[in-house]
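Here is what each chain is made of, one letter per residue.
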Amino acid sequence: MDSPQSHPCRQLFELKDTATATATTDADTATNHNHNNHTAPQKPKLSSLSAADLRSEFAHHDPAVARINNGSFGSCPATIIAAQHRWHLRFIQQPDDFYFNVLQSSILRSRTLIKDLINADHVEEVSIVDNATTAAAIVFQQTAWAFAEGRFNKGDATVMLHYAYGAVKKSVQAYISRAGGRVIEVQLPFPVRSNDEIICEFRKALEQGKSDGHKVRLAVIDHITSMPSVVIPVKELVKICREEGVDRVFVDAAHAIGCTEVDMKEIGADVYTSNLHKWFFCPPSVAFLYCRKSDETLDLHHPVVSHEYGNGLAIESGWIGTRDYSAQLVVPEVLEFVNRFEGGIEGIRKRNHEKVVEMGEMLMKAWGTNLGSPPKMCSSMVMVGLPVCLGILSDSDALKLRTHLRDCFGIEVPIYYRAPKDGEIDPITGYARISHQVYNVVDDYYKFRDAVNKLVNDGFTCAFLSD
Amino acid sequence: MDEVPRANGESNDHSNPSKKPKISSSLSLITQLQIQQEFAHHQDGVARINNGSFGSCPASILAAQRRWQLQFLRQPDSFFFNYLQKSILQSRTIIKNLINAHHAEEVSLVDNATTAAAIVLQHIGWGFAEGQFHKGDAVVMLHCAFQAVKKSIQAYVTRAGGSVIQVELPFPVRSKDQIIAEFQRALVIGKANGRKVRLAIIDHITSMPSLIIPVRELVCICREEGVDQVFVDAAHAVGSVHVDVQEIGADFYVSNLHKWFFCPPSVAFLYCRKSPLSLNLHHPVVSHEYGNGLAVESSWIGTRDYSSQLVVPEVLDFINRFEGGIDGISKRNHDAVVDMGEMLAKAWGTVLGSPPDMCPSMAMVGLPASFGISSDDDALKFRTHLRDHFQVEVPIHHQAPKDSKVGSRNGNNCITAYARISHQVYNKVDDYIKFREAINQLVHDGFTCKVLSQK
């Protein structure tokens, strides 16, 4: 059995040498880089996690699966699941008392911690919602009203990335197109080599939006695209939006918190959303929606209207009918968990990035392919090219290959189909989006490497997979 | 057969989910002790006579929910691709049979009635925005509609240019004929200047004050008076009154399952009768399923915990351990709450707010006039006082009397407040005795709400 020193986990993280989880005092601030000593209960700081602790925190993950897809559904440590159960049970025990005396102050506490984490100015700017999909609906519904009520002219534009998340595209259709807005998609190259390529395409799209005397009413910019996954230079794009007179900028940062740096004042968007259950260890599901204080933000509403309607989005979102709000209440416990790692969330993020790039390069060398973007445009996820001989020729092939890897090799990894462009000879048409989170071990990626090598050796192509 | 442990969260015996499960002769009925164990997590010492607000969930269902949650957490991708949709469909199919809907597509699962109201009203809002409805066309609602629904009407209908007709319902009320007459009158007046009524929102069981509304008759009146569509807000209905959507005949019908149907928070169904209009209902949280029908849209609104939607099969098993299943439970709840209500009214010298046949599993019991509860604020403070000082959990309704001749009397004074007592399977007579004694104590002490305002 691996000793803590030689266990693969050890190689990935600089764990402290504590054998048992005994409480230490707050004097040890060297490892706590987070500016959050304002959690209401002043408890002694827990010692950091040993390798054994870490394993047991994620022991509920299916051990037979190389789980290299943290990006899709995230992950939640056992400690947090237990904390969530406790909150849940408190409600169930005496719901009226919980509703009147506990719920709102607990949600406010979570919002306050998030506000500090993301460098927002006011806690009213931070609302908690289920997920980025909900946040998008909130933003787009406001835009739809503006068209319906005549503040925007039919044909005014919304600019979004071609690689915007599927749900977001549908939401734009459901609210903005339906209300008379025009949608312009920014065509991004992939593979991509530098930020300049993205910035160039974005400028072109803005020009298009402003043609014929129309205004660009809204820009929807991913912070980290989903498929294919690339870190977008949001700060630069927001600046360009301001220069070009775009009314409002909405950053869809579903993946961002815990995966890249998130500073509202730095980025400068009007509205910014990120899930907390993807890379921030919260249970499913919870996200924050940041709305910079302005006249327009007064008109943002949660689409599920309760008696709180008109009291501000944060308050409206704090009660949308009887539901289980427990996932929103564990943010304090999550912060405690995160601070048991060297460097807190920043340390985790940095090490995830380094490791996923390392693993991506290992895989690409083993398969003779390439990465979809340079390391500095990768977050805790990397797009790794798959061997051309696998014959991934459609979105359907990509999904079938993913299923095949799950069912026959115990590997969970999403596959992206990249359509060939004119003139390309034997291009790579399939990319795997590998993730790295604290529970991953090198063996997960070796397993994937070997599976693909086997498929290549066996002469496998996607044509063999039935519908 | 039902004793097989469900280790992986999957229910067994669902090879034919459309078959209504019968009580297996090998299963004995649930005992009193088992019922107490199922609700042992309820806070000790509290007379919990408010099942109506937040419902209740037995321990075995909570355990089933945990198993579903864990299955997702263990391997979420596999759960998403291989289990989630078919498990939701299983729940929807059971509900379809329960409410006598014709097609599973007519049954969508959403978080709660508040969400369902937003879905229906957003659809009406688009009708105005896109010019199918004219500015001034009306939506009809009951004056005592749930506050969230009123706000939703404001947010989607009034904002889009629609007008609102409110139907004042009498309370206290003596018979459903009073309600029918009042509704008919208000509808005719509301349409008087040629307004078209695009939607009527009718509660099946009002929240505060709580009454069973004769929905079937009111839906008929709506049809006769040319109302376009009828939405029945039946948040409390499933598990406390018989629900047959064919009989009721509404276009849209919503009920929570976490109030009286033992599901964990939270889950509700929205029934939408198949028609060309129902194709245009959408969940406001738009996902990649947009356009595939409301039921499918609602089954994926982004990454979330859907586990409370998945335990409907387990809940049916639980219910069928009771004599008479859900019908037996609701009948006994009704009988008990009326019993207890009459006991309290007698003890305090007050009255019930409605005749027993208009009470579901809740009853409105008049409080002594001497308390001087004269506003909604007083009512809330009084409720808090009961919780904090007497460990009694019961919502209080303030009823402003129209004139002193019409209101109910308590001695020489008008009753201005009613307690909405609930009865669910976990309640005991002691819960109501505790409440009775608390009120008697307060009367004896000469308590009035003025005392609370001084805090």
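Conventions used here
Residues numbered from 1 in each chain as written. Chains lettered and ligands numbered in written order. Predicted model: local features only at pLDDT ≥ 70, side-chain atom pairs only at ≥ 80, totals over all residues. Heavy atoms only, no water. Phe/Tyr/Trp six-rings, centres within 6.5 Å; stacked < 30°, edge-to-face > 60°. Buried < 20%, exposed > 50% of the residue type's maximum accessible area, 1.4 Å probe, protein only. Helix = DSSP H or I, 4+ residues; strand = E, 2+ residues; numbered from the N terminus. Lys NZ or Arg CZ within 6 Å of the ring centre and 35° of its normal. Pairing = 2+ DSSP bridges. Axes fitted to C-alpha atoms, helices over the stretch in contact; angles between N-to-C directions. Salt bridge = Lys/Arg side-chain N within 4 Å of Asp/Glu carboxyl O. Domains from an automatic or database assignment. Buried area = accessible area lost by both parts, 1.4 Å probe. Polar contact = N/O pair within 3.5 Å; in protein donor to acceptor, adjacent residues only side chain to side chain. Nonpolar A, V, L, I, M, F, W, Y, C, P; charged D, E, K, R; others polar. Contact = heavy atoms within 4.5 Å.

- Naming follows an unreviewed UniProt entry, where chain B appears as Pyridoxal phosphate (PLP)-dependent transferases superfamily protein of Actinidia rufa.

- Identification of chain A as Pyridoxal phosphate (PLP)-dependent transferases superfamily protein from Actinidia rufa is taken from an unreviewed UniProt entry.

## Some thoughts on the packing of aromatic side chains
All names here are of chain A.
Thinking step 1. Scanning all chains against the criterion turns up 39 aromatic pairs over all chains.
Thinking step 2. Both rings, one in Phe 147 and one in Phe 152, keep their centres 5.3 Å apart while their planes meet at 85 degrees; by these two values the pair is edge-to-face. Of the two residues, Phe 147 and Phe 152, neither departs from the other in class, the shared state being buried.
Thinking step 3. Between Phe 281 and Phe 337, the ring centres sit 5.2 Å apart and the planes meet at 70 degrees, which makes this aromatic pair edge-to-face. Taken as a pair, Phe 281 in the loop between strand S7 (271–275) and strand S8 (287–291) and Phe 337 in helix H14 (residues 331–338) lie far apart in primary sequence, 56 residues in all. Take Phe 281 and Phe 337: they sit in the same class, and that class is buried.
Thinking step 4. Its guanidinium or amino end placed over the ring of Tyr 439, Arg 67 lies 5.9 Å from that ring's centre, counting from NZ or CZ.
Thinking step 5. Sitting over the ring of Tyr 325, Arg 323 keeps its end group 5.2 Å from the ring centre.

## Regarding the sheet that holds S8(A)
Residue and element names in this part refer to chain A.
Thinking step 1. Across the sheet, seven strands lie side by side as S2-S8-S7-S6-S5-S3-S4; this open sheet has mixed pairing. Because the sheet does not close on itself, it has two edges, and the strands there are strand S2 (126–129) and strand S4 (182–186). Between one strand axis and the next, the sheet turns by 20 degrees as a mean value, whatever way the strands run.
Thinking step 2. Summarising the sheet, strand S3 (residues 157–161) and strand S5 (residues 216–222) pair through four bridges and their orientation is parallel. By the bridge assignment, Thr 158 is partnered in S5 with Leu 218.

## Brief notes about the pattern of salt bridges
Thinking step 1. Within the structure shown, the criterion is met by 51 salt bridges over all chains.
Thinking step 2. Because the salt bridges share partners, they merge into one network encompassing A:Asp96, B:Arg383, B:Arg387 and B:Glu393.

## As for the domain arrangement of chain B
Residue and element names in this part refer to chain B.
Thinking step 1. Domain annotation for chain B reports domain 1 (70–317) and domain 2 (325–452).
Thinking step 2. Across the domain 1/domain 2 interface, buried area totals approximately 2000 Å², and carbon plus sulfur atoms make up 69% of it.
Thinking step 3. Broken down residue by residue, the surface that domain 1 buries against domain 2 is led by Phe 171, Met 208 and Trp 260, which jointly contribute 32%.
Thinking step 4. Connecting domain 1 to domain 2 are zero salt bridges.
Thinking step 5. Our enumeration of links across domain 1 and domain 2 arrives at four residue pairs in polar contact (both at pLDDT 80 or more).
Thinking step 6. The residue inventory of the side of domain 1 that touches domain 2, partitioned by class, reads 13 nonpolar, seven polar and two charged.

## Thoughts on the interface of chain B and chain A
Thinking step 1. At the interface, 62 residues of chain B touch 63 residues of chain A.
Thinking step 2. Taking both partners together, chain B and chain A bury about 5600 Å²; carbon and sulfur atoms supply 58% of that area.
Thinking step 3. The largest per-residue losses of area from chain B upon contact with chain A belong to B:Phe54, B:Trp126 and B:Arg159, which jointly make up 14% of the total buried on that side.
Thinking step 4. Along the contact surface separating chain B from chain A lie eight salt bridges.
Thinking step 5. Between A:Glu149 and B:Arg159 there is a salt bridge; the shortest N-O distance is 2.8 Å.
Thinking step 6. Run the count over chain B and chain A and you get 29 residue pairs in polar contact (both at pLDDT 80 or more).
Thinking step 7. Of all the elements in the fold, those that place two or more residues in the side of chain B that touches chain A are helix H2 (51–54), helix H3 (59–74), helix H4 (76–99), helix H5 (113–129), helix H6 (147–158) and helix H14 (376–390) of chain B.
Thinking step 8. The element best represented in the side of chain B that touches chain A is H3(B), accounting for eight residues.
Thinking step 9. In terms of residue class, the side of chain B that touches chain A is made up of 24 nonpolar, 25 polar and 13 charged.

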